[in-house]
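Topology and contacts: notes
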Amino acid sequence: MTPRRPPAPWLDAALLAAALLDVWVHVDPGDRIAMACALLGAFALVLRHRLPLLTYLLALPATFVTDSVFATLAALYTLASLSRRRVLLAGCAAVFTVGDTTAWSWPVPEFADPTDAATLITITYSLATATAPVFLGQLVQARRELGLRLTEITEAREHERRLLAQNVLAKERAQLAREMHDVVSHQVSLIAVRAGALQVGNRDPEAKEAAADIRRLAVQTLDELRHMVGVLRAAGSRPTELTPQPLLADLPQLVDGSGIEAELRAELPQELPPAVQRAVYRTVQEALTNIRKHAPGSRAAIRIGQQDGTVHVVVVNSAPQRPALPLPGSHHGLVGLRQRAELLGGSVSAGPTLDGGYELRLEFPAQDAS
């Protein structure tokens, strides 16, 4: 677990307290000049984040006239952690070393004798004392910059991953569009042509009507396929919806063209959000498709209403009157309805009835976001 870093105000308060303690230990209260310089350096630490160089310059005089150097070292560390100017940092460390080894005696300072071995040891110690906060500040700055670079690299890799995923998705969509155009459209067109020929060449009125329905549905399917192919080929752009989208007003036409004996009773206001209207339409459409595939010859009852702010869609069909024909299917229709209902904050339930039929029930809020 990564240790928590102290908040900046608490850290500043701790540094100020340590600097004042250093002043209290090392500065004689009777020496007003020394005390003033030491207090100036201590209280200047509150400016260290915004004006690090000025803070160091305000704290520096204390090193010439007192032994209180904590504020100066703290200011030097802050300057080193925020500045990239190595020459400036080296000069600040050198000035601190000179100030720390100078015994100021007003008005003439007393400089240390560089030829004395003990003095050389003192100078070396002072230089090391000045160098330590510089190196530490530079290390903190390098660590901070490394963290920023790692964050940038992570974001760049995530962006690259998203682009790669979008590229793969675009290729899949393009391939699916080609398959739909080359295979599905061709076969549906063939169905429409054969149905048209059957309609013209047959004298039986019922057969002619059935052929006309087949041809009409095939043409409608081709139109929808063209829209879907256009959507699939628009990979990488904004999400595109098929237009025009079905609404409640299209339900009677859907039921009449389903080829199923169905009774529709819809009592919903027309000003419902488009997403709600589409959900109702797609639910009825999927239910009629399943009835036509799995319960041929059955009758259907469709009840759509609203109660207490909730839309209720119930589609019930009777038992099938003849065996169902084996037709291809993805078995994802009911799953898609459940996903659509969940997006709208609702639910879907489905199951057999006591008389051998089947019931599909959808419920969701009426005023969900469109």
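In the block above lies the structure referred to throughout.
Figured I'd write up the structure that's included with this text. All values derive from a computational prediction rather than experimental measurement.

**Brief notes about the pattern of salt bridges**
- Tallying each qualifying case throughout the model produces seven salt bridges.
- We note a salt bridge from Arg162 to Glu158, for which the minimum N-O separation is 3.8 Å. Here the residue Arg162 and the residue Glu158 both occupy positions in helix 7 (residues 117–201), the gap between them amounting to four residues, near one helical turn.
- Residue class for Arg162 comes out partly exposed when judged on its relative accessible area of 40%.
- With a relative accessible area of 32%, Glu158 lands in the partly exposed category.

**Observations regarding unusual backbone geometry**
- Despite not being glycine, Asp308 has its phi angle at roughly 55°, a positive value.
- Along the chain, Asp308 turns up in the loop between strand 4 (299–307) and strand 5 (310–317).
- Accessibility expressed as a relative area gives 75% for Asp308, which makes it exposed.

**As for the environment of Pro269**
- Tracing the backbone through its elements, the reader meets Pro269 in the loop between strand 3 (261–266) and helix 10 (274–294).
- As for Pro269 and Ala366, which are separated by 97 residues in sequence, their C-alpha atoms are 10.0 Å apart.
- Dropping the residues within four chain positions of it, Pro269 is found in contact with Leu248 and Gln306.

**Brief notes about the sheet that holds strand 3**
- In space, the five strands of this open sheet follow the order 3-4-5-7-6, with mixed pairing throughout. The open sheet has two free edges, formed respectively by strand 3 and strand 6 (347–352), since each of these has just one partner strand. Within the sheet, the average angular offset between the axes of one strand and its neighbour, ignoring direction, is 10°.
- Pairing geometry for strand 4 and strand 5, over eight bridges, is antiparallel. What sits directly across from Ile302, in strand 5, is Val315.

**As for the nonpolar core**
- Counting 31 residues, the largest nonpolar core has Leu251, Val280, Val284, Ile304, Val311, Val313 and Phe364 as the members making the most contacts within it.
- Contributing elements (two or more residues each) for this core: helix 9 (251–256), helix 10, strand 4, strand 5, helix 11 (333–343) and strand 7 (358–365).
- In terms of residues, this core owes the most to one element, helix 10, which gives nine residues.
- Not counting residues up to four positions away in its chain, the partners in contact with Ile304 are Leu251, Leu264, Arg265, Ala266, Glu267, Leu268, Val280, Val284, His312 and Val313.

**Here we look at the pairing of strand 3**
- Bridging between strand 3 and strand 4 involves six bridges; their strand directions are parallel. Bridge assignment links Arg265 to a residue of strand 4, and that residue is Arg303.
- Following the backbone out of strand 3, through helix 10 and into the adjacent parallel strand 4, one traces a crossover that is left-handed.

**A word on helix 5 (residues 70–82)**
- Given a rise of 1.5 Å per residue, 13 residues ought to cover 18 Å, and the 19 Å separating the end C-alpha atoms of helix 5 matches this to within 8%.
- Burial of helix 5 is extensive: ten of the 13 residues sit out of reach of the surface.
- Within helix 5, burial applies to Ala71, Thr72, Leu73, Ala74, Ala75, Leu76, Thr78, Leu79, Ala80 and Ser81.

**Concerning the side chain of Ser126**
- Inspection of the secondary structure assignment puts Ser126 in helix 7.
- Setting aside anything within four residues of it in sequence, one finds Ser126 in contact with Phe96, Thr97, Asp100 and Thr101.

About the cut-offs
- Residues numbered from 1 in each chain as written.
- Predicted model: local features only at pLDDT ≥ 70, side-chain atom pairs only at ≥ 80, totals over all residues.
- Heavy atoms only, no water.
- Salt bridge = Lys/Arg side-chain N within 4 Å of Asp/Glu carboxyl O.
- Helix = DSSP H or I, 4+ residues; strand = E, 2+ residues; numbered from the N terminus.
- Buried < 20%, exposed > 50% of the residue type's maximum accessible area, 1.4 Å probe, protein only.
- Contact = heavy atoms within 4.5 Å.
- Pairing = 2+ DSSP bridges.
- Axes fitted to C-alpha atoms, helices over the stretch in contact; angles between N-to-C directions.
- Core = buried A, V, L, I, M, F, W, Y, C linked by side-chain atoms within 4.5 Å.
- Right-handed = clockwise from strand over helix to strand, strands pointing away.
- Expected span 1.5 Å × (residues − 1).

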